[in-house]
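Given next are the chains, with one letter for each unit.
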Amino acid sequence: MALPMRNLLVDPARYLQSFRLFLAESTEHQSMQEFVEKQLPAVIDSIGNGKSTINILSIGGGAGEIDLLILSKVQARYPGVTINTDVVEPSADQISKYKERVAKTSNLENVKFTWHEETAYEYESRMNAEKKPKKWDFIHMIQMLYYVKDIPATIRYFHSLLETQGKLLIILVSGTSGWETLWKKYGCSFPLDDLCSYVSSADMKKILDSAGLKYQVYELPSHMDITSCFTEGDKDGELLLDFLTETYEFSKNAPPELKRQVLEELRKPQCSEERDGKVVFNNNLSAIVVEP
(Lines give C-alpha, C1' and ligand atoms only; values in the text may rest on other atoms or scores of the structure.)
Protein backbone atom coordinates (compact mmCIF):
# COMPACT_ATOMS: atom_id res chain seq x y z
CA MET A 1 0.00 0.00 0.00
CA ALA A 2 1.27 3.50 -0.85
CA LEU A 3 2.34 5.63 2.06
CA PRO A 4 0.75 9.08 2.41
CA MET A 5 2.51 11.61 0.22
CA ARG A 6 5.13 13.76 1.95
CA ASN A 7 6.99 16.87 0.85
CA LEU A 8 10.35 16.22 -0.81
CA LEU A 9 12.06 18.50 1.73
CA VAL A 10 11.45 15.91 4.50
CA ASP A 11 14.54 14.16 3.07
CA PRO A 12 17.20 16.84 2.41
CA ALA A 13 19.60 14.30 0.85
CA ARG A 14 17.01 13.16 -1.70
CA TYR A 15 16.01 16.77 -2.34
CA LEU A 16 19.62 17.69 -3.18
CA GLN A 17 19.98 14.57 -5.32
CA SER A 18 16.86 15.46 -7.33
CA PHE A 19 17.90 19.12 -7.52
CA ARG A 20 21.33 18.24 -8.91
CA LEU A 21 19.74 15.95 -11.48
CA PHE A 22 17.34 18.77 -12.42
CA LEU A 23 20.34 21.06 -13.02
CA ALA A 24 22.05 18.35 -15.10
CA GLU A 25 18.97 17.69 -17.27
CA SER A 26 17.89 21.32 -17.69
CA THR A 27 19.36 24.47 -19.20
CA GLU A 28 18.52 26.34 -15.96
CA HIS A 29 22.05 27.52 -15.19
CA GLN A 30 22.92 28.16 -18.84
CA SER A 31 19.91 30.47 -19.25
CA MET A 32 20.80 32.33 -16.04
CA GLN A 33 24.43 32.60 -17.21
CA GLU A 34 23.25 34.13 -20.46
CA PHE A 35 21.18 36.69 -18.53
CA VAL A 36 24.18 37.53 -16.31
CA GLU A 37 26.45 37.90 -19.36
CA LYS A 38 24.11 39.95 -21.53
CA GLN A 39 21.60 41.83 -19.37
CA LEU A 40 23.09 42.11 -15.89
CA PRO A 41 25.83 44.66 -16.77
CA ALA A 42 23.14 47.27 -17.56
CA VAL A 43 21.22 46.38 -14.37
CA ILE A 44 24.25 46.95 -12.10
CA ASP A 45 25.60 49.90 -14.05
CA SER A 46 24.96 52.50 -11.34
CA ILE A 47 24.74 50.48 -8.09
CA GLY A 48 28.27 51.45 -7.00
CA ASN A 49 28.58 54.98 -8.34
CA GLY A 50 30.94 56.99 -6.14
CA LYS A 51 31.35 54.17 -3.60
CA SER A 52 34.57 52.70 -2.23
CA THR A 53 32.67 49.58 -1.03
CA ILE A 54 29.77 47.73 -2.66
CA ASN A 55 27.51 45.60 -0.44
CA ILE A 56 25.78 42.58 -1.99
CA LEU A 57 23.25 40.32 -0.25
CA SER A 58 22.57 36.87 -1.70
CA ILE A 59 19.38 35.25 -0.38
CA GLY A 60 19.41 31.49 -1.00
CA GLY A 61 22.85 31.56 -2.64
CA GLY A 62 23.02 27.77 -2.93
CA ALA A 63 26.42 26.45 -4.01
CA GLY A 64 27.47 29.86 -5.34
CA GLU A 65 27.74 29.12 -9.04
CA ILE A 66 25.51 32.00 -10.19
CA ASP A 67 26.64 34.24 -7.30
CA LEU A 68 30.24 34.13 -8.50
CA LEU A 69 29.20 34.95 -12.07
CA ILE A 70 27.29 37.97 -10.75
CA LEU A 71 30.32 39.04 -8.71
CA SER A 72 32.56 38.85 -11.77
CA LYS A 73 30.26 41.33 -13.55
CA VAL A 74 30.27 43.71 -10.57
CA GLN A 75 34.08 43.49 -10.44
CA ALA A 76 34.31 44.20 -14.17
CA ARG A 77 32.10 47.30 -13.78
CA TYR A 78 33.85 48.55 -10.63
CA PRO A 79 37.47 47.35 -10.85
CA GLY A 80 39.37 47.39 -7.56
CA VAL A 81 36.36 48.36 -5.43
CA THR A 82 35.91 46.31 -2.24
CA ILE A 83 32.83 44.07 -2.40
CA ASN A 84 31.20 42.75 0.78
CA THR A 85 29.01 39.74 0.01
CA ASP A 86 26.70 38.28 2.64
CA VAL A 87 25.20 34.89 1.72
CA VAL A 88 22.03 33.66 3.42
CA GLU A 89 21.61 29.92 2.76
CA PRO A 90 19.93 27.37 5.07
CA SER A 91 21.74 24.27 3.71
CA ALA A 92 25.11 23.51 5.35
CA ASP A 93 25.91 21.22 2.41
CA GLN A 94 25.35 24.04 -0.11
CA ILE A 95 27.43 26.48 1.96
CA SER A 96 30.37 24.08 2.10
CA LYS A 97 30.17 23.65 -1.70
CA TYR A 98 30.03 27.44 -2.06
CA LYS A 99 33.17 27.81 0.08
CA GLU A 100 34.97 25.15 -2.00
CA ARG A 101 34.03 27.03 -5.16
CA VAL A 102 35.35 30.32 -3.73
CA ALA A 103 38.62 28.62 -2.75
CA LYS A 104 39.12 27.49 -6.36
CA THR A 105 38.21 30.85 -7.94
CA SER A 106 40.92 33.39 -8.70
CA ASN A 107 40.55 37.20 -8.71
CA LEU A 108 38.46 37.36 -5.54
CA GLU A 109 41.05 39.36 -3.56
CA ASN A 110 38.75 42.37 -3.21
CA VAL A 111 35.69 40.30 -2.26
CA LYS A 112 34.88 39.53 1.37
CA PHE A 113 32.36 36.73 2.01
CA THR A 114 30.22 36.19 5.08
CA TRP A 115 27.99 33.11 5.16
CA HIS A 116 24.86 32.79 7.30
CA GLU A 117 23.39 29.30 7.63
CA GLU A 118 19.79 30.44 7.97
CA THR A 119 16.58 31.08 6.04
CA ALA A 120 15.51 34.49 4.74
CA TYR A 121 13.00 34.70 7.58
CA GLU A 122 15.64 33.84 10.20
CA TYR A 123 17.93 36.51 8.74
CA GLU A 124 15.14 39.09 8.89
CA SER A 125 14.29 38.15 12.51
CA ARG A 126 17.95 38.36 13.54
CA MET A 127 18.41 41.77 11.89
CA ASN A 128 15.24 43.09 13.53
CA ALA A 129 16.44 41.81 16.92
CA GLU A 130 19.85 43.45 16.45
CA LYS A 131 18.11 46.68 15.36
CA LYS A 132 20.96 47.41 12.95
CA PRO A 133 19.36 47.22 9.52
CA LYS A 134 22.15 47.23 6.97
CA LYS A 135 21.57 48.75 3.54
CA TRP A 136 22.58 46.93 0.34
CA ASP A 137 23.58 48.01 -3.15
CA PHE A 138 22.44 44.76 -4.74
CA ILE A 139 20.20 42.02 -3.36
CA HIS A 140 19.40 38.88 -5.30
CA MET A 141 16.92 36.06 -4.69
CA ILE A 142 17.47 33.33 -7.24
CA GLN A 143 14.96 30.45 -7.31
CA MET A 144 14.29 30.68 -3.56
CA LEU A 145 10.90 32.36 -3.07
CA TYR A 146 9.13 28.98 -3.21
CA TYR A 147 10.51 28.29 0.29
CA VAL A 148 9.25 31.50 1.89
CA LYS A 149 6.02 31.52 3.92
CA ASP A 150 4.93 35.13 3.37
CA ILE A 151 6.23 36.20 -0.03
CA PRO A 152 4.82 39.77 -0.13
CA ALA A 153 6.21 40.51 3.36
CA THR A 154 9.61 39.06 2.42
CA ILE A 155 9.77 41.20 -0.73
CA ARG A 156 8.74 44.31 1.23
CA TYR A 157 11.39 43.68 3.88
CA PHE A 158 14.34 43.09 1.53
CA HIS A 159 13.25 45.89 -0.78
CA SER A 160 13.37 48.24 2.24
CA LEU A 161 17.08 47.40 2.65
CA LEU A 162 18.06 48.80 -0.77
CA GLU A 163 20.35 51.80 -1.08
CA THR A 164 19.07 54.70 -3.22
CA GLN A 165 20.88 53.34 -6.33
CA GLY A 166 20.35 49.71 -5.31
CA LYS A 167 18.60 46.95 -7.21
CA LEU A 168 16.71 43.80 -6.16
CA LEU A 169 16.97 40.88 -8.60
CA ILE A 170 14.42 38.05 -8.38
CA ILE A 171 14.70 34.98 -10.61
CA LEU A 172 11.91 32.39 -10.58
CA VAL A 173 9.88 30.25 -12.96
CA SER A 174 8.03 32.13 -15.67
CA GLY A 175 4.26 32.41 -15.84
CA THR A 176 4.64 30.94 -19.35
CA SER A 177 6.45 27.78 -18.15
CA GLY A 178 5.32 24.18 -17.81
CA TRP A 179 5.64 24.65 -14.04
CA GLU A 180 2.80 27.19 -14.13
CA THR A 181 0.51 24.76 -15.98
CA LEU A 182 1.38 21.75 -13.81
CA TRP A 183 1.16 23.52 -10.48
CA LYS A 184 -1.93 25.61 -11.14
CA LYS A 185 -3.73 22.35 -12.00
CA TYR A 186 -2.23 19.86 -9.52
CA GLY A 187 -0.52 21.94 -6.82
CA CYS A 188 -3.42 21.40 -4.43
CA SER A 189 -2.88 17.61 -4.75
CA PHE A 190 0.83 17.78 -3.83
CA PRO A 191 1.92 17.64 -0.17
CA LEU A 192 3.25 21.16 0.19
CA ASP A 193 2.76 21.53 3.98
CA ASP A 194 4.43 24.73 5.12
CA LEU A 195 7.71 23.83 3.44
CA CYS A 196 7.08 25.08 -0.02
CA SER A 197 4.65 27.16 -2.04
CA TYR A 198 4.24 27.64 -5.73
CA VAL A 199 4.90 31.09 -7.16
CA SER A 200 5.70 32.21 -10.73
CA SER A 201 6.53 35.51 -12.38
CA ALA A 202 2.79 35.98 -13.06
CA ASP A 203 2.13 35.96 -9.28
CA MET A 204 5.22 38.08 -8.63
CA LYS A 205 4.04 40.85 -10.98
CA LYS A 206 0.74 41.04 -9.04
CA ILE A 207 2.63 41.23 -5.72
CA LEU A 208 4.93 43.99 -6.99
CA ASP A 209 2.05 45.91 -8.60
CA SER A 210 -0.01 45.85 -5.41
CA ALA A 211 3.04 47.10 -3.46
CA GLY A 212 3.40 49.93 -6.00
CA LEU A 213 6.98 48.94 -6.88
CA LYS A 214 8.69 49.68 -10.19
CA TYR A 215 10.30 46.72 -11.95
CA GLN A 216 11.44 45.30 -15.26
CA VAL A 217 10.96 41.70 -16.43
CA TYR A 218 13.36 39.69 -18.62
CA GLU A 219 12.23 36.32 -19.99
CA LEU A 220 14.88 33.56 -19.90
CA PRO A 221 14.12 30.59 -22.18
CA SER A 222 15.02 27.24 -20.59
CA HIS A 223 14.07 23.58 -21.01
CA MET A 224 14.56 20.22 -19.32
CA ASP A 225 14.72 16.67 -20.68
CA ILE A 226 12.08 14.69 -18.75
CA THR A 227 12.00 11.63 -21.07
CA SER A 228 13.14 9.34 -18.23
CA CYS A 229 9.97 10.22 -16.23
CA PHE A 230 7.95 8.06 -18.61
CA THR A 231 9.98 4.85 -18.09
CA GLU A 232 8.52 2.92 -15.17
CA GLY A 233 11.20 2.20 -12.55
CA ASP A 234 13.81 4.57 -14.05
CA LYS A 235 15.74 5.99 -11.07
CA ASP A 236 16.47 9.36 -12.73
CA GLY A 237 12.89 9.62 -13.90
CA GLU A 238 11.65 9.03 -10.36
CA LEU A 239 13.96 11.74 -8.98
CA LEU A 240 12.82 14.24 -11.61
CA LEU A 241 9.16 13.48 -10.83
CA ASP A 242 9.96 14.10 -7.16
CA PHE A 243 11.42 17.47 -8.10
CA LEU A 244 8.56 18.43 -10.44
CA THR A 245 5.93 17.64 -7.80
CA GLU A 246 8.00 18.51 -4.67
CA THR A 247 6.93 15.08 -3.41
CA TYR A 248 9.11 12.46 -1.68
CA GLU A 249 9.13 9.29 -3.86
CA PHE A 250 6.14 10.50 -5.88
CA SER A 251 6.18 7.41 -8.14
CA LYS A 252 5.77 5.06 -5.17
CA ASN A 253 3.52 7.15 -2.94
CA ALA A 254 1.15 9.07 -5.22
CA PRO A 255 -2.31 7.58 -5.76
CA PRO A 256 -2.19 5.77 -9.13
CA GLU A 257 -4.82 8.06 -10.67
CA LEU A 258 -2.90 11.22 -9.69
CA LYS A 259 0.32 9.74 -11.05
CA ARG A 260 -1.40 8.89 -14.34
CA GLN A 261 -2.87 12.40 -14.65
CA VAL A 262 0.43 14.14 -13.84
CA LEU A 263 2.34 12.05 -16.41
CA GLU A 264 -0.37 12.79 -18.97
CA GLU A 265 -0.24 16.53 -18.15
CA LEU A 266 3.57 16.59 -18.49
CA ARG A 267 3.27 15.37 -22.09
CA LYS A 268 0.78 18.08 -23.11
CA PRO A 269 1.94 21.03 -25.27
CA GLN A 270 1.31 23.47 -22.38
CA CYS A 271 4.05 21.68 -20.40
CA SER A 272 6.38 20.03 -22.89
CA GLU A 273 7.14 19.35 -26.53
CA GLU A 274 8.38 16.22 -28.25
CA ARG A 275 11.83 16.80 -29.79
CA ASP A 276 13.89 14.08 -31.52
CA GLY A 277 12.05 11.38 -29.60
CA LYS A 278 12.55 13.20 -26.28
CA VAL A 279 10.02 14.88 -24.03
CA VAL A 280 11.33 18.40 -23.37
CA PHE A 281 9.70 20.32 -20.51
CA ASN A 282 9.25 24.11 -20.69
CA ASN A 283 11.46 25.36 -17.83
CA ASN A 284 11.31 29.06 -18.79
CA LEU A 285 12.41 31.54 -16.11
CA SER A 286 11.81 35.22 -15.52
CA ALA A 287 14.34 37.68 -14.09
CA ILE A 288 12.65 40.60 -12.38
CA VAL A 289 14.69 43.68 -11.48
CA VAL A 290 13.01 45.82 -8.81
CA GLU A 291 13.94 49.48 -8.40
CA PRO A 292 14.51 51.02 -4.95
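Residues numbered from 1 in each chain as written. Predicted model: local features only at pLDDT ≥ 70, side-chain atom pairs only at ≥ 80, totals over all residues. Heavy atoms only, no water.

**Describing the overall build of the protein**
(1) Moving on: Looking only at helices and strands, one finds 12 helices and 10 strands in the protein.
(2) Moving on: Rg of the C-alpha trace for the protein: 19 Å, near the compact-globule value of 19 Å for 292 residues, within the 12% margin.
(3) Moving on: In terms of its C-alpha atoms, the protein occupies a principal-axis envelope of roughly 60 × 45 × 40 Å.
(4) Moving on: Of all 292 residues assigned to the protein, the portion counted as buried reaches 53%.
(5) Moving on: Long-range contacts, defined as pairs at least 24 residues apart, comprise 81% of the intrachain contacts of the protein with a sequence gap of at least 6.
(6) Moving on: When the accessible area of the protein is evaluated, it comes to approximately 13,400 Å², of which 52% is carbon and sulfur surface.
(7) Moving on: Taking the 33 positively charged and 42 negatively charged side chains of the protein as two groups, their mean positions are separated by 3 Å. (Helix = DSSP H or I, 4+ residues; strand = E, 2+ residues; numbered from the N terminus. Rg over C-alpha atoms; globule rule 2.2 N^0.38 Å. Buried < 20%, exposed > 50% of the residue type's maximum accessible area, 1.4 Å probe, protein only. Contact = heavy atoms within 4.5 Å. Areas by Shrake-Rupley, 256 points an atom, 1.4 Å probe, with all protein chains shown as cover. Lys, Arg positive; Asp, Glu negative; His and termini not counted. Charge placed at Lys NZ, Arg CZ, Asp CG, Glu CD.)

**Notes on the UniProt feature "binding site: substrate" (unreviewed entry) in the protein**
(1) Moving on: Per the UniProt record, "binding site: substrate" (unreviewed entry) is found at E28 and N283. Across 256 residues in sequence, these annotated residues keep their C-alpha atoms within 7.4 Å of one another, forming a single compact spot.
(2) Moving on: For E28, the position within the fold is in helix α2 (residues 28-38).
(3) Moving on: What E28 contacts, discounting residues up to four positions off in sequence, is F22, L23, Q143, S222, N283 and L285.
(4) Moving on: Looking at where N283 falls in the secondary structure, it is placed in the loop between β9 (278-282) and β10 (285-290).
(5) Moving on: If we ignore the near neighbours within four places in the chain, the residues touching N283 are F22, S26, E28, S177, W179, S222, H223 and M224.
(6) Moving on: One polar contact links N283 to S222, side chain to side chain, over a distance of 2.9 Å. (UniProt positions renumbered as here; feature names shortened; annotations may be inferred. Polar contact = N/O pair within 3.5 Å; in protein donor to acceptor, adjacent residues only side chain to side chain.)

**Considerations on the pattern of salt bridges**
(1) Moving on: Scanning all chains against the criterion turns up 24 salt bridges.
(2) Moving on: Residue R126 pairs with E118 through a salt bridge whose shortest N-O separation is 2.7 Å.
(3) Moving on: D225 is the partner of K278 in a salt bridge, and the nearest nitrogen-oxygen pair spans 4.0 Å. Separated by 53 residues along the polypeptide, K278 in strand β9 and D225 in strand β7 (residues 223-225) bring together distant segments of the chain.
(4) Moving on: Residue classification places K278 among the partly exposed positions, given a relative accessible area of 42%.
(5) Moving on: Connected through shared salt-bridge partners, R14, D242, E249 and K252 make up one network. (Salt bridge = Lys/Arg side-chain N within 4 Å of Asp/Glu carboxyl O.)

**Focus: the pairing of strand β5 (residues 162-173)**
(1) Moving on: Of all 12 residues in β5, 9 are buried; the element is thus mostly enclosed.
(2) Moving on: Bridge count between β5 and β10: 6 bridges; the pairing is antiparallel. Residue pairing for β10: I171 is matched across the bridge by A287. (Pairing = 2+ DSSP bridges.)

**Concerning the sheet that holds strand β8 (residues 272-275)**
(1) Moving on: Spatially, the 3 strands line up as an open sheet ordered β7-β9-β8, and their pairing is antiparallel. In the strand order of this sheet, the two ends are held by β7 and β8, each with one partner. For this sheet, the mean angle separating the axes of adjacent strands, direction not counted, is 30 degrees.
(2) Moving on: Here β8 runs beside β9; their pairing, made up of 4 bridges, is antiparallel. Bridging across to β9, E273 finds its partner in V280. (Axes fitted to C-alpha atoms, helices over the stretch in contact; angles between N-to-C directions.)

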